[in-house]
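# Chains, contacts and geometry: an overview
One-letter residues, chain by chain:
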Amino acid sequence: MNDDNDMLLQQFFSDAASQHIDDNGFTEQVMRRLPLRINWFNRLWTVSCIVAAVVLFTLLHGWELLTVQLEVLFRTLPTASLGKWLMMLVTVIGGLLIAGASEVISSERVRR
Amino acid sequence: MANHTDISLVAQVAVLGNRRAFDELVRRYQSPVRRFFLNLTLGDGQLSDDLAQDTFLKAYLNIGKFKALSSFQTWLMRIAYNVFYDYSRKMRNEKLEMRNVNVEMRNDGAPHSSFNHLHSSFLTSHSSFKLDIYSALAQLKEDERTCVTLQLIDGYDIAAIADITGLKVGTVKSHLSRGKEKMAKYLKENGYERR
């Protein structure tokens, strides 16, 4: 393959190489054809985790640990710089709730 | 979503089942995938879109198998190539069955390419520029056409083409060499000179 032929072909294909195809509803068609399999798997996984958490909480007497921790928290609250741990806990829970809610909303919106 | 990297979007689809992330991936890569099929089917838009949809569907169902050893686009193109390969094999089998039926009926007919039915549709529906491209690509065998379009239109190097097609590097090189030679000869014979 000589250089002249290479140049000839590169020139011939140059327009095709830069061609962009507009979406024109293609993505929507693909999204409509997607099965819900992954969502069902995720839901099954979430339910399994919740069940496992409840079972472990019960078997390991989680409420006793929780009671002790809460008692310590409330007893030491007046002496501790207020809310360092509490604020951290609230922030983490709040963040998780917001992230989870936005994911659920976005998934539902795309599905519709 | 538009600012997320491919890896981040893939992770969101695989772990969280986030369909919006997959929507973004389809928007990002619909153009190269559909263009790849347009070139391989010699300009049949409807068939290209059907094959492209199958490609994204398979990508969605197998997204957990993406290991990020290559880019997401290369992985997607590998799926696209396999989808086309399966389609092509199916067409060949159907053609063979038709030929057997014809032999049994003792009804002689001229052999034709599996894409002959496509030519009529693209000849009537595309501009002369595209007609030139697809007419030139029609001179090549399927493997040659795949390698030539992946290199000259999609810009992949030989190693990436081997990765996408599953062919050996040496085989890709010989397909490219033969394909380019045929193309250059065809262009010169048809008066296409480099300006």
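Residues numbered from 1 in each chain as written. Chains lettered and ligands numbered in written order. Predicted model: local features only at pLDDT ≥ 70, side-chain atom pairs only at ≥ 80, totals over all residues. Heavy atoms only, no water.

Here we come to the interface of chain A and chain B. Contacts between the two partners involve 39 residues from chain A, matched on the other side by 45 residues from chain B. Our enumeration of links across chain A and chain B arrives at three salt bridges. Here chain A and chain B share 14 residue pairs in polar contact (both at pLDDT 80 or more) between them. Looking at the side of chain A that touches chain B, the element that brings in the most residues is helix 1 (residues 3-17) of chain A, giving 13 residues. Looking at the side of chain A that touches chain B residue by residue, the classes come out as 17 nonpolar, twelve polar and ten charged. (Contact = heavy atoms within 4.5 Å. Salt bridge = Lys/Arg side-chain N within 4 Å of Asp/Glu carboxyl O. Polar contact = N/O pair within 3.5 Å; in protein donor to acceptor, adjacent residues only side chain to side chain. Helix = DSSP H or I, 4+ residues; strand = E, 2+ residues; numbered from the N terminus. Nonpolar A, V, L, I, M, F, W, Y, C, P; charged D, E, K, R; others polar.)

Before going further, it helps to examine the pattern of salt bridges. Residues and elements named next belong to chain B. Counted by the stated rule, this structure contains 16 salt bridges over all chains. Note that Asp86 is salt-bridged to Arg89, the shortest N-O span being 3.3 Å. Taken together, the positions of Asp86 and Arg89, both in helix 4 (residues 72-104) and three residues apart, correspond to about one turn of that helix. Close ionic contact of Glu142 with Arg92 constitutes a salt bridge, the shortest N to O distance being 3.6 Å. Taken together, the residues span a long stretch of sequence, with Glu142 in helix 7 (residues 142-152) and Arg92 in helix 4 at a distance of 50 residues.

This paragraph deals with the packing of aromatic side chains. Residues and elements named next belong to chain B. Tallied over the entire structure, the rule returns eleven aromatic pairs over all chains. Here the aromatic rings of Phe72 and Trp75 are separated by 5.7 Å at their centres, their planes lie at 35°, and the arrangement is tilted. Of this pair, Phe72 and Trp75 both sit in helix 4, separated by three residues, roughly a single helical turn. Each member of the pair, Phe72 together with Trp75, is buried. (Phe/Tyr/Trp six-rings, centres within 6.5 Å; stacked < 30°, edge-to-face > 60°. Buried < 20%, exposed > 50% of the residue type's maximum accessible area, 1.4 Å probe, protein only.)

So, on to the packing of helix 2 (residues 26-33) of chain A against helix 3 (residues 45-61) of chain B. In the contact formed by helix 2 of chain A and helix 3 of chain B, the axes pass within 10 Å of each other and the chain directions differ by 50°. The angle between the axes of helix 2 of chain A and helix 3 of chain B places the two elements in the oblique class. Regarding helix 2 of chain A and helix 3 of chain B, the two cross each other, and that crossing is right-handed. Residue-level contacts link Phe26, Gln29, Val30 and Arg33 of chain A of helix 2 of chain A to Asp49, Asp50, Ala52, Gln53, Asp54, Phe56 and Leu57 of chain B of helix 3 of chain B. (Axes fitted to C-alpha atoms, helices over the stretch in contact; angles between N-to-C directions. Parallel < 35°, antiparallel > 145°, perpendicular 65-115°, else oblique. Left-handed = near helix turned anticlockwise from the far one by under 90°.)

It is worth spelling out the environment of Ser177 of chain B at this point. All names here are of chain B. Inspection of the secondary structure puts Ser177 in helix 9 (residues 169-189). Given the relative accessible area of 32%, Ser177 is considered partly exposed. Considering only alpha carbons, one finds Ser177 and Val148, 29 residues apart in sequence, at a separation of 8.9 Å.

The next thing to look at is helix 1 (residues 6-16) of chain B. Those residues of helix 1 of chain B that sit buried are Asp6, Leu9, Val10, Gln12 and Val13 of chain B. Across the axial projection of helix 1 of chain B, the buried residues extend over an arc of 160°, all falling on one side. (Arc of directions from axis to C-beta.)

Look at His61 of chain A: it is not a glycine, yet its phi comes out positive at around 50°. Its place among the elements puts His61 of chain A in the loop between helix 3 (37-59) and helix 4 (62-76). A positive phi angle, close to 60°, is found at Ala68 of chain B, a residue other than glycine. Looking at where Ala68 of chain B falls in the secondary structure, it is placed in the loop between helix 3 and helix 4. The class of Ala68 of chain B is partly exposed, set by a relative accessible area of 42%.

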